[in-house]
Amino acid sequence: MGDPQLLSAYAGNWTGDGTGVTVILPPSGTVGSGEVRGGAPATREFDLLHPVRTVDRVDAVVLSGGSAFGLAAADGVMAVLRERGLGYPTECGPVPIVVGMSIFDTSVAGTPPSSAAGRDAALAALRGEEFLVGTAGAGAGARTGKWRGRSDPGGLGRADGRAGPARVTALAVVNAWGDVLAPDGRLVFGGDPADQPGARFGRDSATQPGARFGPGGATQPGARFGRENTTIAVLLTDARLSKSDCHLLAQSGHDGFARALHPAHSRHDGDAVVALATGEVTAEVDLDLLRAVATDVMARAIRAAVS
């Protein structure tokens with residue numbers, strides 16, 4: 001095995017034709033939780049992440065294209081972990097806890113990621129191959145700005161931060177219905193001042209939502225891009241957190257969505273965040289500080305995905 005690519009976690013990609021898979025393999029015993037805020041999620045094993053569920057460990061997170069079809073990539077990752085004897089112990093042997101999240105890309109009409117693609121991404125991670133971002137892995141077919149009838153670049157982004165003794169990394173696949181916003185709130189793409197959010201929602205604007213997206217609107221999202229969206233992300237920290245703490249951290253990741261995407265969490269997105277804590281830092285970490293840093297890191301990861 002090579003060196004970890006994402007703090008102490010292994011991370012690898014499989015990149016196909018306009019689609020892909022990104023796999024995160026955290027160290028054994030990593031605690032995890034998550035939250036979905038979009039209206040159209042494509043997920044696997046997400047119910048296990050709720051704070052009241054019994055299992056608190058996560059053995060892998062799989063990000064993929066291909067919408068619900070692409071969730072099959074998790075099967076290949078599960079097989080790799082089983083071969084290595086990893087997973088939640090049962091009397092019939094270990095059962096790997098593999099969480100999956102998918103975005104909608106054009107592979108839905110062709111060849112979406114398969115279990116073999118998931119296996120290849122997991123093995124690339126374990127070999128310590130260089131972990132690429134941008135139009136790699138699950139970000140290969142990602143686009144943004146669809147609510148305005150556009151198809152601007154999306155992708156896979158990463159950002160890192162520190163909260164006291166703890167480190168935190170965000171990894172985001174940005175395939176949003178909305179636009180990516182710069183730190184000053186302006187659009188990263190489609191930068192005509194008339195298209196800025198403040199102008200778009202002005203009472204006298206000809207481009208307010210009712211004009212653009214009302215019945216008969218030429219760029220109405222339902223016509224071309226109605227449900228073909230989603231931003232999915234992982235927050236990874238080396239702090240020692242409980243499952244409930246991880247749930248709060250995932251919520252802060254969604255705050256980062258709201259900073260860097262407009263609009264975020266629509267009915268047309270499947271926005272979801274998983275938060276993982278490896279527990280390697282035994283010193284006390286201020287959870288509220290960690291959450292504040294996580295919000296900032298997530299926003300930066302989303303912007304990095306398109307830069």
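None of the values given here were measured: they were computed from a predicted structure.

(A) Representation of the sheet that holds strand E2 (residues 20-25) in the model. Strand order in the open sheet formed by 5 strands is E1-E2-E5-E6-E4, and the pairing between neighbours is mixed. Unpaired on one side and paired on the other, strand E1 (10-15) and strand E4 (43-44) mark the two borders of the sheet. Helix-sheet contacts for helix H3 (residues 115-126) involve E1 and E2, and the interaxial angle to E1 is about 140°.

(B) Up close: the confidence of the model for the protein chain. Overall, the predicted model of the protein chain reaches an average pLDDT of 89, with 88% of residues at or above 70. Scored below 50 in pLDDT, residues 196-225 shows 56 contacts in the model against residues more than four places distant or in partner chains.

(C) Region of the structure containing helix H8 (residues 287-305). End to end, H8 covers 26 Å across 19 residues, agreeing with the expected 27 Å (1.5 Å per residue, within 8%). Measuring from the side-chain oxygen of the N-cap residue of H8 to the backbone nitrogen of Asp288 gives 2.9 Å; that N-cap residue is Asp286.

(D) Expanded view of the layout of surface pockets. A volume near 190 Å³ is recorded for the largest pocket. Along the walls of the largest pocket sit 13 residues, with Leu25, Pro26, Ser28, Leu81 and Leu86 positioned nearest its centre. Tallied by class, residues from the lining of the largest pocket come to 8 nonpolar, 2 polar and 3 charged.

(E) Quick peek at the environment of Pro96. Considering the arrangement of structural elements, one finds Pro96 in the loop between helix H2 (73-83) and strand E6 (98-102). We classify Pro96 as buried; its relative accessible area is 3%. Expressed as a C-alpha distance, the spacing of Pro96 and Arg82, which sit 14 residues apart in the sequence, is 6.6 Å.

(F) The arrangement of unusual backbone geometry in detail. Of note, the bond from His262 into Pro263 is cis; its omega dihedral lies within 30 degrees of zero at -5°. Residue position: Pro263 is located in the loop between strand E13 (261-262) and strand E14 (272-281). If you check the backbone angles, Glu45 has positive phi at about 60° while not being a glycine. Mapped onto the elements, Glu45 comes out in the loop between E4 and strand E5 (60-64). Even without being a glycine, Thr230 presents a positive backbone phi close to 155°. Mapped onto the secondary structure, Thr230 falls in strand E12 (residues 230-239). Exposure remark for Thr230: the relative accessible area of 1% places this residue in the buried category.

(G) Structural detail: the pairing of E14. Counting buried positions over the 10 residues of E14 gives 9, a clear majority of the element. As paired strands, strand E3 (residues 31-36) and E14 are joined by 6 bridges and run antiparallel to one another. Bridge pairing in E14 places Glu35 opposite Val273. The sheet contact formed by E12 and E14 spans 7 bridges and is parallel. Residue pairing across strands places Ala233 opposite Val273, the latter belonging to E14.

(H) Structural context of the packing of helix H7 (residues 243-260) against H8. Axis separation between H7 and H8 bottoms out at 7 Å; the angle between their running directions is 40°. One element, H7, and the other, H8, form an angle in the oblique class. Handedness of the H7/H8 crossing: right-handed. When H7 is examined against H8, the residues Asp245, Leu248, Leu249, Gln251, Ser252, Gly253, Asp255, Gly256, Phe257, Arg259 and Ala260 are found in contact with a partner set consisting of Leu287, Leu290, Arg291, Ala294, Thr295, Asp296, Met298, Ala299, Ile302 and Arg303. Split into classes, the residues belonging to the contact of H7 with H8 amount to 10 nonpolar, 5 polar and 6 charged.

(I) Here's a closer look at the nonpolar core. Judged by nonpolar contacts, the single largest core of 36 residues is most densely connected at Val174, Leu235, Leu241, Leu290, Met298 and Ile302. Contributions of two or more residues to this core are made by strand E9 (155-163), strand E10 (166-175), E12, H7, E14 and H8. Sort the elements by how many residues they give to this core and H8 lands first, with 10 residues. Counting residues in hydrophobic clusters, the runner-up holds 25 residues, among them Leu7, Leu49, Ala142 and Val274.

(J) Geometry of the sheet that holds E14. The mixed open sheet is built from 5 strands, whose spatial order is E3-E14-E12-E10-E9. Edge strands, defined here as strands with exactly one partner in the open sheet, are E3 and E9. With strand direction ignored, the average angle separating the axes of adjacent strands in the sheet is 15°. Docked against the sheet, H7 engages E3, E12 and E14, running at close to 40° with respect to E3. Contacts from H8 reach E9, E10, E12 and E14 within the one sheet, and its direction differs from that of E9 by about 155°.

(K) Representation of the environment of Arg240 in the model. Here Arg240 lies in the loop between E12 and H7. Put simply, Arg240 and Leu287 are 47 residues apart on the chain and 10.0 Å apart in space, counted from C-alpha to C-alpha. Arg240 has contacts with Gly279, Val281 and Thr282, leaving out every residue within four places of it along the chain.

Cut-off values and rules
- Residues numbered from 1 in each chain as written.
- Predicted model: local features only at pLDDT ≥ 70, side-chain atom pairs only at ≥ 80, totals over all residues.
- Heavy atoms only, no water.
- Pairing = 2+ DSSP bridges.
- Helix = DSSP H or I, 4+ residues; strand = E, 2+ residues; numbered from the N terminus.
- Contact = heavy atoms within 4.5 Å.
- Axes fitted to C-alpha atoms, helices over the stretch in contact; angles between N-to-C directions.
- pLDDT = per-residue confidence, 0-100.
- Expected span 1.5 Å × (residues − 1).
- Polar contact = N/O pair within 3.5 Å; in protein donor to acceptor, adjacent residues only side chain to side chain.
- 1 Å grid on protein atoms, 1.4 Å probe; cavity = no way out; pocket = protein on both sides within 12 Å on 5 of 7 lines; lining within 4 Å.
- Points joined across faces, edges and corners; volume = space filled by probe spheres on them.
- Nonpolar A, V, L, I, M, F, W, Y, C, P; charged D, E, K, R; others polar.
- Buried < 20%, exposed > 50% of the residue type's maximum accessible area, 1.4 Å probe, protein only.
- Parallel < 35°, antiparallel > 145°, perpendicular 65-115°, else oblique.
- Left-handed = near helix turned anticlockwise from the far one by under 90°.
- Core = buried A, V, L, I, M, F, W, Y, C linked by side-chain atoms within 4.5 Å.

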